[in-house]
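Okay, here's what each chain looks like letter by letter:
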There are 2 protein chains.
Amino acid sequence: MSAHQTKQRKAITEAIQNAQGPLRPTEIQLIACQNVPRLGIATVYRTINMLLESGEIQAVPIAANDVRYEPTGRGHHHHFLCHSCNKVYDMHGCSGHMSKMIPDGFEMDDHEILIHGKCAACKKAKK
Amino acid sequence: MSAHQTKQRKAITEAIQNAQGPLRPTEIQLIACQNVPRLGIATVYRTINMLLESGEIQAVPIAANDVRYEPTGRGHHHHFLCHSCNKVYDMHGCSGHMSKMIPDGFEMDDHEILIHGKCAACKKAKK
DNA sequence: GTCGATGCAAAAACTTTGCATATTC
DNA sequence: GAATATGCAAAGTTTTTGCATCGAC
């Protein structure tokens, strides 16, 4: 049966689920490697694609050549990219009404917001 | 002098400037090729990176492995990705106040919004 | 002629695929 | 033992770099 959960998949899924924000494939590998030492990057990508297809996770495009992955089902939220440490944080509470900027005849399914700036840790670190 | 404008750079810059929305590197090459037949993709990438550094254009992350580039200085606007034709449209008019979702101690520089949906042309095309 | 820009091809980086081995039931 | 998943390595992509040549002053 395909619902079989190997230790690799478990480690990868948990890495994504437990993260505070979206992670890159190599970050996922690094974290999951702590539980499954010889975990290959191919397995990480294969698992990511499986989880994307099943809808358990989704991609978050952050910048050129920087996609990260996060679990679905965390509720409506958006992202904050710190330009100092390059970490992405989840942010809850969305101002809402995007509809006013949608052109006539267009149909909106969803929206995502990415805020750029400097996180509290980096602001404190650097006087 | 470094302000020298070759026909390649001119064609690439114009392709980006004249586009109705952000373009991918290969799309830029395709358009610019109409004026400069043997234009290589390396020149496109080199020019993109130059224009990014000088601040004339900026990257728009759309999805995994899909970054597009647009001119800066079009005023504040956001993007609409049509999941049917995969085109990205500019949208003007921004609802504004993102500040309420920014965590304490974080500092916002900028924000970008990507709306997903179906464009008017695709809605009309498919009953 | 000097300087920088280009095209091509090679290299690097990132992602996917093939295949023999390993794991689960 | 059958079926699926894994690791490794090879193949695909995408982006960058090296280098000989070309073009502008």
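Let me sum up the structure you'll find in this document. Nothing here was measured: the structure is a model prediction, and the numbers come from that model.

In this section: helix α2 (residues 25-32) of chain A. Of the positions making up α2 of chain A, those classed as buried are Pro25, Ile28, Gln29 and Ala32 of chain A. Buried residues along α2 of chain A cover an arc of 100° about the axis, so they all sit on one side.

We now examine the nonpolar core. Membership of the largest hydrophobic core comes to 24 residues, with the highest contact counts inside it found for Phe80, Ile113 and Ile115 of chain A together with Phe80, Ile113 and Ile115 of chain B. Put simply, the parts of the chain that give this core at least two residues each are β3 (77-82), β4 (88-92) and β5 (107-118) of chain A together with β3 (77-82), β4 (88-92) and β5 (107-118) of chain B. Not counting chain neighbours up to four residues away, the residues in contact with Ile115 of chain A comprise His79, Phe80, Leu81 and Met91 of chain A together with Met98, Met101, Ile102, Met108, Asp110 and His111 of chain B.

At the interface, 40 residues of chain B touch 40 residues of chain A. Buried area between chain B and chain A, summed over both chains or domains, comes out near 3,100 Å², and the portion from carbon and sulfur atoms is 65%. One can count two salt bridges joining chain B with chain A. The salt bridge involving Glu107 of chain A is made with Lys123 of chain B; its shortest N-O contact spans 3.5 Å. At the surface where chain B touches chain A, the tally comes to 11 residue pairs in polar contact (both at pLDDT 80 or more). Broken down by secondary-structure element, the contributors of at least two residues to the side of chain B that touches chain A are β1 (57-63), β2 (66-71), β3, β4, β5 and α4 (120-125) of chain B. Sort the elements by how many residues they give to the side of chain B that touches chain A and β5 of chain B lands first, with 12 residues.

All names here are of chain A. Along the polypeptide, Leu81 turns up in strand β3. Leu81 sits in the buried class, given a relative accessible area of 4%. For Leu81 and Ala32, which are 49 residues apart along the polypeptide, the C-alpha to C-alpha distance reads 23 Å. When neighbours within four sequence positions are excluded, Leu81 is seen to be in contact with Ile62, Arg68, Asn86, Lys87, Val88, Leu114, Ile115, His116 and Gly117.

Around DNA strand D sit 15 residues, and of these Thr6, Arg38, Thr43 and Arg46 of chain A together with Tyr45 of chain B come closest. By atom count, sugar and phosphate contribute 81% of the portion of DNA strand D lying within 4 Å of the protein. In the environment of DNA strand D, a phosphate oxygen lies 2.9 Å from a nitrogen or oxygen atom belonging to the side chain of Thr6 of chain A. At the level of elements, α1 (7-18) and α3 (41-54) of chain A together with α3 (41-54) of chain B are the ones that each hand at least two residues to the surface near DNA strand D.

In the region of DNA strand C, 15 residues are neighbours, and Tyr45 of chain A together with Thr6, Arg38, Thr43 and Arg46 of chain B sit closest. Here DNA strand C approaches the protein such that, of its atoms within 4 Å, sugar and phosphate make up 79%. Between DNA strand C and Arg46 of chain A there is a distance of 3.2 Å, counted from a base oxygen to a side-chain nitrogen or oxygen. For the surface near DNA strand C, the elements supplying multiple residues, two or more each, are α3 of chain A together with α1 (7-18) and α3 of chain B. By residue number, the principal contributor to the surface near DNA strand C is α3 of chain A, which donates four residues. Classifying every residue of the surface near DNA strand C gives four nonpolar, seven polar and four charged.

Time to look at the packing of aromatic side chains. Enumeration according to the criterion identifies four aromatic pairs over all chains in this entry. When the ring of Tyr89 of chain A is compared with that of Phe106 of chain B, the centres are 4.9 Å apart and the planes differ by 85°; the resulting orientation is edge-to-face. Taken together, the residues Tyr89 of chain A in strand β4 and Phe106 of chain B in the loop between β4 and β5 connect one chain to another. Comparing Tyr89 of chain A with Phe106 of chain B shows no difference in burial state: the two are buried. Between Phe106 of chain A and Phe80 of chain B, the ring centres sit 4.9 Å apart and the planes meet at 80°, which makes this aromatic pair edge-to-face.

Scoring rules and cut-offs
- Residues numbered from 1 in each chain as written.
- Chains lettered and ligands numbered in written order.
- Predicted model: local features only at pLDDT ≥ 70, side-chain atom pairs only at ≥ 80, totals over all residues.
- Heavy atoms only, no water.
- Buried < 20%, exposed > 50% of the residue type's maximum accessible area, 1.4 Å probe, protein only.
- Helix = DSSP H or I, 4+ residues; strand = E, 2+ residues; numbered from the N terminus.
- Arc of directions from axis to C-beta.
- Core = buried A, V, L, I, M, F, W, Y, C linked by side-chain atoms within 4.5 Å.
- Contact = heavy atoms within 4.5 Å.
- Buried area = accessible area lost by both parts, 1.4 Å probe.
- Salt bridge = Lys/Arg side-chain N within 4 Å of Asp/Glu carboxyl O.
- Polar contact = N/O pair within 3.5 Å; in protein donor to acceptor, adjacent residues only side chain to side chain.
- Near = heavy atom within 4 Å.
- Nonpolar A, V, L, I, M, F, W, Y, C, P; charged D, E, K, R; others polar.
- Phe/Tyr/Trp six-rings, centres within 6.5 Å; stacked < 30°, edge-to-face > 60°.

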